[in-house]
Amino acid sequence: MARIPHMAFFFLFLSNLPLWSQLKIFAKLSIGQREVTVQKGPLFRAEGYPVSIGCNVTGHQGPSEQHFQWSIYLPTAPEREIQIVSTKDSSFSYALYTQRVRSREIYVERLQGNSVLLHISKLQMEDAGEYECHTPNTDGKYFGSYSAKTYLTVIPDTLSATMSSQTLNKEEGEPLELMCEVFKATAQHTHLSVTWYVMQEGGRSQATKIISLSRDFMLIPGPSYTERFAASDVRLDKLGVTSFRLSIGRLQPSDQGQLFCEAMEWIQDPDKTWAFITKKQTDQTTLRVQPEVRNFQVNMTAESTFAEGKPLELVCLVVGSSQDLQHQGVWFLNDIEIASVNADGVLGLEKGYKERASQGQLQVSKLSPKAFSLKIFSAGPEDEGTYRCEVAEMVRARMGSWQVLQKKQSPDSHVHLRKPAARSVSVSTKNKQQAVWEGEALTLLCKADGTESPLSVSWWHFPLDQTQPEFVAGMGQDGTMRLGPSYGGPSNHSSIRLEKVDWATFQLDITSIAITDRGTYECRVSERTRSQVRDLSWTQKISVTVKSLESSLQVILMSRQPQVKLADTFDLSCIVSAGYSDLKVPLTLTWQFQPAGSQVFHQLIRITHNGAIEWGNFLSQFQKKTKVSQSPFRSQLFIHDAAQEEAGTYQCKVEVYDRNSLHTNSPPKATAISHPLRIAITLPKSKLKVNLSSQVQELSINSNAEIECSILSLSTGNVQLAIIWYFSPISANASLLKILEMDQTNVVKYGDEFHTPRRKQKFYTEKASQDLFQLHIQNVDDGDQGKYHCTVEEWLLLTNGTWYKLGGEKSGPTELKLKPTGSKVRVSKVDGTGNATEHGEVAIRCSLEHSGSLTSLFSVMWYWNRESSGSKMLVHLRHDGLLEYGEEGLSKHLYCYRSSPTDFVLKLHRVEMEDAGKYWCKVAEWQLHGNPSKWVNQASDESWHMALMVLPSG
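Not measured: the values here are computed from a predicted model. Here the residue index of a chain counts from 1 through its sequence in written order. In keeping with the predicted nature of the model, local features appear solely for residues at pLDDT of at least 70, side-chain atom pairs appear and are counted solely at 80 or more, and the whole-chain, interface and lining totals rest on all residues. Hydrogen atoms and water are omitted, and side-chain values are computed over all heavy atoms in the structure.

**A look at the overall build of the protein chain**
- Helix and strand assignments come from DSSP, with helices taken as H or I runs of at least 4 residues and strands as E runs of at least 2, each series counted from the N terminus. Scanning the protein chain for helices and strands turns up 7 helices and 73 strands.
- Atoms counted for the radius of gyration: C-alpha only. Globule rule: 2.2 Å times the number of residues to the power 0.38. Whereas a compact globule of 954 residues would reach a radius of gyration of roughly 30 Å, the protein chain reaches 55 Å, over 25% beyond that.
- Whether a residue is buried, partly exposed or exposed follows from its accessible area with a 1.4 Å probe, protein chains only, as a fraction of its type maximum: under 20%, in between, or over 50%, in that order. Within the protein chain, the fraction of its 954 residues that count as buried is 44%.
- Note on contacts: a residue pair is in contact if any heavy atoms of the two residues lie within 4.5 Å. Partitioning the contacts of the protein chain with sequence separation of at least 6, the portion at a separation of at least 24 is 61%.
- Exposure was quantified through the Shrake-Rupley algorithm and a 1.4 Å probe, taking into account, for residues, occlusion by the shown protein chains and nothing else. Accessible surface, the protein chain as shown: approximately 49,400 Å² in total, 50% of it carbon and sulfur.
- The positive charge centre, built from 99 side chains, and the negative charge centre, built from 102, are 1 Å apart in the protein chain. In this count, Lys and Arg are taken as positive residues and Asp and Glu as negative ones, while His and the chain termini are left out. To locate a charge, take NZ of a lysine, CZ of an arginine, CG of an aspartate or CD of a glutamate.

**Here we look at the packing of aromatic side chains**
- Stacked, edge-to-face and tilted labels apply to pairs of Phe, Tyr and Trp rings (six-membered ring for Trp) whose centres lie within 6.5 Å, assigned for plane angles under 30 degrees, over 60, and everything in between, in that order. Overall, the coordinates contain 12 aromatic pairs when judged by the stated rule.
- Between Phe 754 and Phe 763, the ring centres sit 5.1 Å apart and the planes meet at 85 degrees, which makes this aromatic pair edge-to-face. Residue Phe 754 shares its accessibility class with Phe 763, and that shared class is buried.
- Of the aromatic side chains, those joined through ring pairs into one cluster are Tyr 49, Trp 266 and Phe 276.
- For a lysine, the NZ atom is tested; for an arginine, the CZ atom; a charge sits over a ring if that atom is within 6 Å of the ring centre and within 35 degrees of the ring normal. Over the ring of Phe 296 we find Lys 408; its NZ or CZ atom is 5.1 Å from the centre of that ring.

**A few points about the sheet that holds strand β7 (residues 115–120)**
- Between any two strands, at least two bridges found by DSSP are needed for them to pair. The strand order across the open sheet formed by 4 strands is β1-β3-β7-β6, and the pairing between neighbours is antiparallel. Edge strands, defined here as strands with exactly one partner in the open sheet, are β1 (35–38) and β6 (106–112). Ignoring which end each strand starts from, the neighbouring axes of this sheet average 20 degrees apart.
- In the sheet, β1 pairs with strand β3 (residues 51–58) via 4 bridges, with the strands oriented antiparallel. Across the sheet, the residue bridging to Val 38 is Cys 55, located in β3. Axes here refer to lines fitted to C-alpha atoms; in helices the fit is confined to the stretch in contact. Angles between the N-to-C directions go from 0 to 180 degrees.

**A short note on the sheet that holds strand β42 (residues 555–559)**
- An order of β42-β44-β49-β48 is seen for the 4 strands of this open sheet, with the pairing classed as antiparallel. A strand with exactly one partner marks an edge of an open sheet, and here the two such strands are β42 and β48 (626–631). Averaged over all pairs of adjacent strands, the angle between their axes in this sheet comes to 15 degrees, without regard to strand direction.
- Sheet analysis places β42 next to strand β44 (residues 570–576), joined by 5 bridges and oriented antiparallel. By the bridge assignment, Val 555 is partnered in β44 with Val 576.

**Let's talk about the state of the cysteines**
- The disulfide definition used here is simple: a pair of cysteine sulfur atoms within 2.5 Å. Enumeration according to the criterion identifies 7 disulfides in this entry.
- Across the disulfide, Cys 180 is cross-linked to Cys 261 (sulfur-sulfur distance 2.3 Å). Taking the torsion about the S-S bond as the criterion, the Cys 180 to Cys 261 disulfide, at about -70 degrees, is left-handed. Placement of the pair is Cys 180 in strand β12 (residues 176–183) and Cys 261 in strand β18 (residues 257–268), with a sequence separation of 81 residues.
- Covalent S-S linkage joins Cys 316 and Cys 389, the inter-sulfur distance amounting to 2.0 Å. Judged by the torsion about the S-S bond (70 degrees), the Cys 316/Cys 389 disulfide is right-handed. Of this pair, Cys 316 sits in strand β23 (residues 312–319) while Cys 389 is found in strand β29 (residues 385–396), placing the two residues 73 residues apart along the sequence.

**Brief notes about the environment of Ala 302**
- Inspection of the secondary structure puts Ala 302 in the loop between β21 (297–301) and β22 (305–307).
- Taking relative accessible area as the criterion, Ala 302 reaches 31% and is therefore assigned partly exposed.
- Spatially, the C-alpha atom of Ala 302 lies 124 Å from that of Glu 925, the residues being 623 residues apart in sequence.
- What Ala 302 contacts, discounting residues up to four positions off in sequence, is Glu 313 and Leu 314.

**Topic: the side chain of His 327**
- For His 327, the location among the structural elements is in strand β24 (residues 326–333).
- For His 327, a relative accessible area of 1% puts it in the buried group.

**Comments concerning empty space enclosed by the protein**
- A 1.4 Å probe that fits but cannot get out identifies a cavity on a 1 Å grid over protein atoms alone, an open set with protein on both sides within 12 Å along at least five of seven lines counts as a pocket, and a residue lines either if it has an atom within 4 Å of a point. Grid points are joined across faces, edges and corners, and a volume is the space filled by probe spheres set on the points. Under the defined criterion, the tally for this structure stands at 1 cavity of 30 Å³ or more.
- What lines the largest cavity is simply Lys 824, Val 825, Arg 826, Leu 848, Glu 849, His 850, Gly 852, Phe 858 and Glu 925.
- A breakdown of the residues in the lining of the largest cavity according to their chemical character gives 3 nonpolar, 2 polar and 4 charged. When residues are sorted by character, Ala, Val, Leu, Ile, Met, Phe, Trp, Tyr, Cys and Pro go into the nonpolar class, Asp, Glu, Lys and Arg into the charged class, and all the rest, Gly among them, into the polar class.

**Details of the pattern of salt bridges**
- For this document, the term salt bridge refers to a Lys or Arg side-chain nitrogen within 4 Å of an Asp or Glu carboxyl oxygen. Enumeration according to the criterion identifies 28 salt bridges in this entry.
- Of the charged contacts in the structure, one is a salt bridge between Glu 105 and Arg 100, with a shortest N-O distance of 3.2 Å.
- For Arg 100, a relative accessible area of 10% translates into the label buried.
- Overlapping salt bridges, with partners in common, bring together Arg 100, Glu 105 and Asp 127 in one network.

**Looking at the layout of surface pockets**
- Size it by volume and the largest pocket reaches roughly 970 Å³.
- Residue lining of the largest pocket: 39 residues in total, with Glu 753, Arg 759, Met 861, Tyr 863 and Met 873 positioned closest to the centre.
- Looking at the lining of the largest pocket, the elements that each hand over two or more residues are β56 (719–729), β57 (737–742), α7 (757–762), β66 (857–866), β67 (870–877), β68 (883–885), β71 (917–929) and β72 (934–942).
- Across the lining of the largest pocket, the residue classes tally to 15 nonpolar, 11 polar and 13 charged.

**Quick word on the confidence of the model for the protein chain**
- Every residue gets a pLDDT, meaning the predictor's confidence in that residue, from 0 to 100. Residue-level pLDDT values for the protein chain average 85, and 90% of them are 70 or greater.
- Counting interchain partners and residues more than four positions distant, the pLDDT-below-50 stretch residues 1–17 has 22 contacts.
- The low-confidence segment residues 23–31 (pLDDT under 50) makes 25 contacts with residues lying over four places distant or belonging to another chain.

**Some thoughts on unusual backbone geometry**
- Following Gly 41, the chain continues to Pro 42 via a peptide bond in cis, the omega torsion being 5 degrees.
- In this fold, Pro 42 is placed in the loop between β1 and β2 (43–46).
- For Asn 334, which is not glycine, the phi dihedral falls at a positive 55 degrees.
- Residue position: Asn 334 is located in the loop between β24 and β25 (336–341).
- Positive phi, close to 65 degrees, is recorded for Asp 465, a residue that is not glycine.
- Residue Asp 465 is classed as exposed on the basis of its relative accessible area, which comes to 85%.

**Focus on helix α3 (residues 95–102)**
- What α3 keeps buried is the set Tyr 97, Arg 100 and Val 101. Take α3 and look down its axis: the buried residues cluster within an arc of 100 degrees, on one side only. In this structure, α3 carries Ala 95, Gln 99 and Arg 102 as exposed residues pointing more than 90 degrees from its buried face.
- Summarising the contacts, the buried residues of α3 are in contact with β4 (69–73), β5 (82–86), β6 and β7.
- Backbone geometry just after α3 places Arg 104 at a positive phi near 65 degrees. Along the arc lie the directions from the helix axis toward the C-beta atoms.

**Topic: the pairing of strand β55 (residues 705–713)**
- With 2 bridges joining them, strand β53 (residues 689–690) and β55 adopt antiparallel strand pairing. Residue pairing for β55: Lys 689 is matched across the bridge by Ser 713.
- Looking at chain direction, β55 and strand β60 (residues 772–777) are connected through 6 bridges and run antiparallel. Within β60, the residue paired with Glu 706 across the bridge is His 776.

**Some thoughts on the side chain of Gln 744**
- With respect to the helices and strands, Gln 744 occurs in the loop between β57 and β58 (748–750).
- Excluding its chain neighbours within four sequence positions, the residues that come into contact with Gln 744 are Gln 720, Leu 721, Ala 722, Trp 795 and Trp 803.

**Structural notes on the nonpolar core**
- Among the buried residues, those of types Ala, Val, Leu, Ile, Met, Phe, Trp, Tyr and Cys that are joined through side-chain atoms within 4.5 Å form a nonpolar core. Trp 591, Tyr 650 and Val 654 are the most contacted members of the largest nonpolar core, which has 36 residues in total.
- Taken together, the elements giving at least two residues each to this core come down to β42, β44, β45 (587–595), β46 (602–607), β49 (634–639), β50 (648–656), β51 (670–673) and β52 (677–682).

**Considerations on the environment of Ser 224**
- As for its placement among the helices and strands, Ser 224 is situated in the loop between β15 (219–221) and α4 (226–230).
- Residues Ser 224 and Trp 437, 213 residues apart in the sequence, show an inter-C-alpha distance of 70 Å.

Here's what the structure looks like:
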């Protein structure tokens, strides 16, 4: 019986799973107590349709393959078992079911050795009742359950699906609408699904799904209708309660066939799975779709002229033909067929063109189903003439051969060889500036006009005051590049680059120009053709000025805020002077910092000409809070969360290089350092305000007290509070005592007088809210009378992890009084003096004027004061007789005891010279209070001072 709760939870979990999942889990259960489970009911199925009921047994012993017996209890005789079918005994069935079992209308399907399904292929109304699954015992003893029941209700079939049978003749592209009427009158809650099908070739093929509305009200297109559904060409709409309309916007020939609608009715079983209970199909509608008669055109695109040695491409385009058809293309030159591509993509070439294709000079290809390309990579005079292409629509015949539907030809295109023409050449700089700084890059562009043809180029340099040019670089028609003697060495090779931008434009790059590179540059463009013996040549010149970097390089350092508040952000700008506004040479910039009080500048950060960032190893906190914004002539240094360590002097240094020196590690061409700029970090002022008003609290003895410290205003930012509580006893001789301190990190430390466990338990502090602290005093007694106040301090956490005290303020006093209890202690008030000898002994006495109540106990505390060291508590004789010393080691030097009911004695052993000073006592009366009773300090009184003088032993 202890397993029942676990089994109940297990079957509750399984009831949310489908039947097949339940059976798989049942099959894996371990052997233990036998348990038979059957599919959860009640089940509702329609007359004339099938049903399957699952049964499973677990925890059994004996063979792994168990036997199952199915019976029914009819509603007319609920106590009478009628046997249906058994896996063990073929004669198990009653006469009512014998024929149906023999004909396999009713049978048992074994899923596993311990799981079966009862199938009834065609339900009758008389099949309604309670079904029982029983497993014969194979265990050593009876333990568990051996049968389980479920109820099956057979309901009438009320589903109908109708559509008028008709024959429709449509043309391709026309719309179609068909309506299917679906009706059901089932009393139970059921869902409908509706699907439209098309069956082609007179019903001999499998029906193709067009679109369906699922039982979950989702529209799902068939695989061959997915794209048309996405384009809203195929739709299924529910009109009212019973009407389902199929809409096709543009019919296609593939839509032809027998169209019908199928409706299915679904019900949800208690195990949350859905089962269909009825299904109906409508009559068929015959649809014939007449394909659209098409006409198409053929166009050919080609340039009217071409340059010798350049590519020539002719593209044959088909316009208006069907995508479903294959096409064959044929090219003609001067009415002679030269190339073809048939419907299978097989290439055909005439003899001369076949040789050119094998040498990679010609290519025939099919760019798309409606585009054919004839491309000659190096055209010559033999390719001049009249071109025409012919395209045929092809369809596959029954025997697999291709059949021509119709042919069309393109208009003739006349293509002529373009003759070389006179050219002109223009030379310019890329940025339109003919004056550049030393070390900058210079880009010269040489562009020829006229018709496209192979060109070569050479660049020449005329230095100042020289008439003979120097050869710089050249590029032949085949792309081969040559460098002049002065520009081809290892040190100069990387500084000269010649590129061909397009067929007519040549670009000369001097990556780092020198003073010696100034002068005039000449570009010579040459052209050679097959029909000409010598090259044609054209030239153009341009003058280039190079400005020296020896001129003054100026750097300006600016700041918007030389006075920076603590934790704010400040920025510095380093600007290269306006004289270098067009400078494109590499710059390296270094930010330097001199801390306040130092005489040395340290590197903060260095941004090299190639963008690399190098941090200095001084004050590593800069790297965490510093950001640099860099542009060609301006660098900004942003320092976030300013701290006192960032106060000092800043400056920036700029180094200018030419591009050649970058590869030779040469020193900079020019260096400039900005003026120093001092940055001061100012600390914020505290805005702390504490309540200064005085308060008085009068409490009963042994009650609890709460002293409040209220904060009226605070500073903003990352500020934390510390609080210190102080106590002034009512004794005139007592000094101010620190009770406890809770610092800005919430660490609590008690004062010297309050460091004992009893005092820590009695006094504790609490932060009640952001602006309220409370001091709690447990079990107030006479010794707690006096004035209390707090001191609040504001602390700012700096970025380097240290704390900075912004300020502090003392609160007003709160006086704590006890309500009178009728008890009063009086200590004799006698001033006096006494002498003691060094290394000797001395006794100091304290007396009560009367011995008090018989129910009272007394405690005494002895104090000592010396002007140079202040006052302190020496020893405490508690009311229960225990001694507590103010400091460790005093027990060896002094002793306190009660010599009579009214007398207390402090005895000093081995007196030292330092023991001189004023001594006094404080006596407190204790009585039992409360329920349960506890000793409470009722009242106290202090003696006057006795001055002790210590005489040298000599």
